[in-house]
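Given next are the chains, with one letter for each unit.
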Amino acid sequence: MTGFLYKENKVPYYQRLYQRDDGVRLWMKHPRSKILMYPFFAMLTVGFAGSLYGMGRMVAGKKTFY
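Presented here is an overview of the structure given in this document. All figures in this text were calculated on a predicted structure; none of them were measured in a lab.

## Things to note about the overall build of the protein chain
Phase 1 of the analysis: Secondary structure summary: the protein chain contains three helices and zero strands in total.
Phase 2 of the analysis: Its C-alpha atoms give the protein chain a radius of gyration of 22 Å, clearly above 11 Å, the size a compact globule of 66 residues would have.
Phase 3 of the analysis: With the C-alpha coordinates of the protein chain rotated into their principal frame, the extents come out at 65 × 35 × 10 Å.
Phase 4 of the analysis: Of the roughly 6400 Å² that the protein chain leaves accessible, carbon and sulfur atoms contribute 66%.

Right, here's the structure in full:
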């Protein structure tokens, strides 16, 4: 229980990290950001490409995905 109560205050560390003017976008500054953002970007790209593919097929008159 003491480890939970007497933890190091990391607010100054994160405040310096996020307020640093280094040209990096805010959502990519944290060390774990790449773990979260790259799969998100990949899913967003696949979803967008799949939507465009499906729209193209519907314009061509084919109502199935394959």
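## Topic: the side chain of Lys 29
Phase 1 of the analysis: Mapped onto the elements of the fold, Lys 29 is located in the loop between helix 2 (11–19) and helix 3 (33–59).
Phase 2 of the analysis: By relative accessible area, Lys 29 is classed as buried at 14%.
Phase 3 of the analysis: Looking at Lys 29, its side chain comes within polar contact range of the main-chain oxygen of Arg 20, at 2.4 Å.
Phase 4 of the analysis: In this structure Lys 29 touches Leu 17, Tyr 18, Arg 20, Asp 22 and Val 24, once residues within four positions along its chain are discounted.

## Looking at the pattern of salt bridges
Phase 1 of the analysis: Tallied over the full model, the rule gives two salt bridges.
Phase 2 of the analysis: Among the ionic pairs, Asp 22 bridges to Arg 20, the shortest N-O distance being 3.5 Å.
Phase 3 of the analysis: On the accessibility criterion, Arg 20 (46% relative accessible area) is partly exposed.
Phase 4 of the analysis: Across the salt bridge formed by Asp 22 and Lys 29, the nearest N and O atoms sit 3.4 Å from each other.
Phase 5 of the analysis: Salt bridges sharing partners connect three or more residues here, namely Arg 20, Asp 22 and Lys 29.

About the cut-offs
- Residues numbered from 1 in each chain as written.
- Predicted model: local features only at pLDDT ≥ 70, side-chain atom pairs only at ≥ 80, totals over all residues.
- Heavy atoms only, no water.
- Helix = DSSP H or I, 4+ residues; strand = E, 2+ residues; numbered from the N terminus.
- Rg over C-alpha atoms; globule rule 2.2 N^0.38 Å.
- Areas by Shrake-Rupley, 256 points an atom, 1.4 Å probe, with all protein chains shown as cover.
- Buried < 20%, exposed > 50% of the residue type's maximum accessible area, 1.4 Å probe, protein only.
- Polar contact = N/O pair within 3.5 Å; in protein donor to acceptor, adjacent residues only side chain to side chain.
- Contact = heavy atoms within 4.5 Å.
- Salt bridge = Lys/Arg side-chain N within 4 Å of Asp/Glu carboxyl O.

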